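Observations on the model geometry
The primary structure of each chain is shown beneath.
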Amino acid sequence: MGATLTQQIDETLDQLDNVESLCDLFFGRRQFTIYKNIAGSLRLLLTGSSGHVGLVETVLPAGGLWRLRKIPDPMTPADMLVLPAAVLVESGDAKVRVGNGTVTVKELNVKGGAVSAMDIGEMFESSSPALPIRDWLQQPFLRPTWTIRSFISAVANKDGGAHLDPNPTIEAMQRWGHLHWHLTAALARSVLPQVREQLTATYPSHVRPER
C-alpha cells in the first residue's frame, strides 16, 4: 500500500526543509561535502527511484520549473563540458570568471583545491515560461547526451549519496574542479523556492501535523 497524497505532501515539505538547511551549510558555512546529502533529497523530490516518479511530479502534476539559461550545443566535443552558468574561481590574488556564454571546459586545477575557490551563478531563467517537471528533467545539461535527470541520478547514485561507484560521468566533472558539487547545490537552491510557492498555491489549507 503506497503513501497517501497527504503523506506525500508532508514528505515533500520535510525534504524541502532538509534541502534548505543543507544549502545553508553549503553556501553559508562552506561545508561542501554536504552536496551528497543534497543529491539524495533531489533524487527523492525530482527523479524518483525504483520505478516511482519524484515526489514533486506526484504532488504537483501541473507544476513546472524554470528552464536552463544555457544548454549544450549538439556539436559540443564529446570530451568537453558546457558550463550552464557563469563560474567564478578565486584563489589568492587570482580571480577568473568563466562564462556566461557558450563556454566549453575540460580540466581545472587550482592550488589548494578548486571547490573552495569556486562559486557558480544562476543557471535558470526565471522570466521564461516554466517547463513541466518531466520536460524540465530532460533538458540537456553539461553535455548534449546528458540531462538534468541523468546528472541528479549520477551524483545521487554513484558519488556517495547511495553508492560509491565512480563512472565516466562523475570522473568528467571531477576533472573540472569537482564542478558537480557546486552544480548540485545551485540546482537545489533554485528549485527550493519554486516548489514551495507552488505547493502553497496548490494546497492552501494544508498543514503538516506536529510530530
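Now for a description of the structure that goes with this document. Computed from a predicted model, the values in this text were never measured in an experiment. Each chain carries its own residue numbering, running from 1 in the direction its sequence is written. A pLDDT threshold of at least 70 governs which residues receive local features in this predicted model, and a stricter bar of 80 or more applies before side-chain atom pairs are shown or counted, although totals over entire chains, interfaces and linings include all residues. Side-chain metrics rest on all non-hydrogen atoms present in the structure, leaving aside hydrogens and water.

1. A few points about the overall build of the protein chain
- Secondary structure follows DSSP: runs of H or I at least 4 residues long count as helices, runs of E at least 2 residues long count as strands, and numbering of each begins at the N terminus. Scanning the protein chain for helices and strands turns up seven helices and eleven strands.
- Put simply, the radius of gyration uses C-alpha atoms, and a globule should come to 2.2 Å times the residue count raised to 0.38. Taking 211 residues into account, the globule formula puts the C-alpha radius of gyration at 17 Å, and the protein chain, at 17 Å, falls close to it.
- Projected onto its principal axes, the C-alpha positions of the protein chain cover 50 × 35 × 35 Å.
- Partly exposed residues are those whose accessible area sits between 20% and 50% of the maximum for their type, while under 20% is buried and over 50% is exposed, using a 1.4 Å probe and protein chains only. Scored against the burial criterion, the 211 residues of the protein chain give a buried share of 45%.
- Here a residue-residue contact requires only that any non-hydrogen atoms of the pair lie within 4.5 Å. A separation of at least 24 residues holds for 70% of the contacts in the protein chain among residues at least 6 apart in sequence.
- Shrake-Rupley sampling with a 1.4 Å probe provides the accessible areas, and residues are treated as covered by the protein chains on show and by no other component. When the accessible surface of the protein chain is totalled, it reaches about 10600 Å², and 51% of it is carbon and sulfur.
- Across the protein chain, the 20 positively charged side chains and the 21 negatively charged ones have centroids separated by 4 Å. Under the counting rule used here, the positive set is Lys and Arg, the negative set is Asp and Glu, and His together with the chain ends is not counted. Where a charge lies is defined by one atom per residue type: Lys uses NZ, Arg uses CZ, Asp uses CG and Glu uses CD.

2. A word on the nonpolar core
- To form a nonpolar core, buried Ala, Val, Leu, Ile, Met, Phe, Trp, Tyr and Cys residues must be joined to one another through side-chain atoms within 4.5 Å. Core analysis: the biggest nonpolar cluster contains 64 residues, and Leu-46, Met-123, Trp-136 and Leu-187 have the highest contact counts within it.
- Top element by residues in this core is helix α7 (residues 179-202). It accounts for eleven residues.
- Not counting chain neighbours up to four residues away, the residues in contact with Trp-136 comprise Leu-46, Leu-65, Trp-66, Phe-124, Leu-131, Ile-148, Leu-187 and Val-191.

3. A few points about the pairing of strand β4 (residues 87-91)
- We treat two strands as partners when DSSP finds at least two bridges between them. As defined by bridge partners, β4 adjoins strand β5 (residues 94-98) across five bridges and the pair is classed as antiparallel. Note on β5: the bridge partner recorded for Glu-90 is Lys-95.
- Two successive antiparallel strands, β4 and β5, enclose a turn made up of two residues, where Gly-92 displays a positive phi of approximately 60 degrees.
- In terms of strand pairing, β4 meets strand β7 (residues 118-120) through three bridges, oriented antiparallel. Looking across to β7, one finds that Val-89 is bridged to Met-118.

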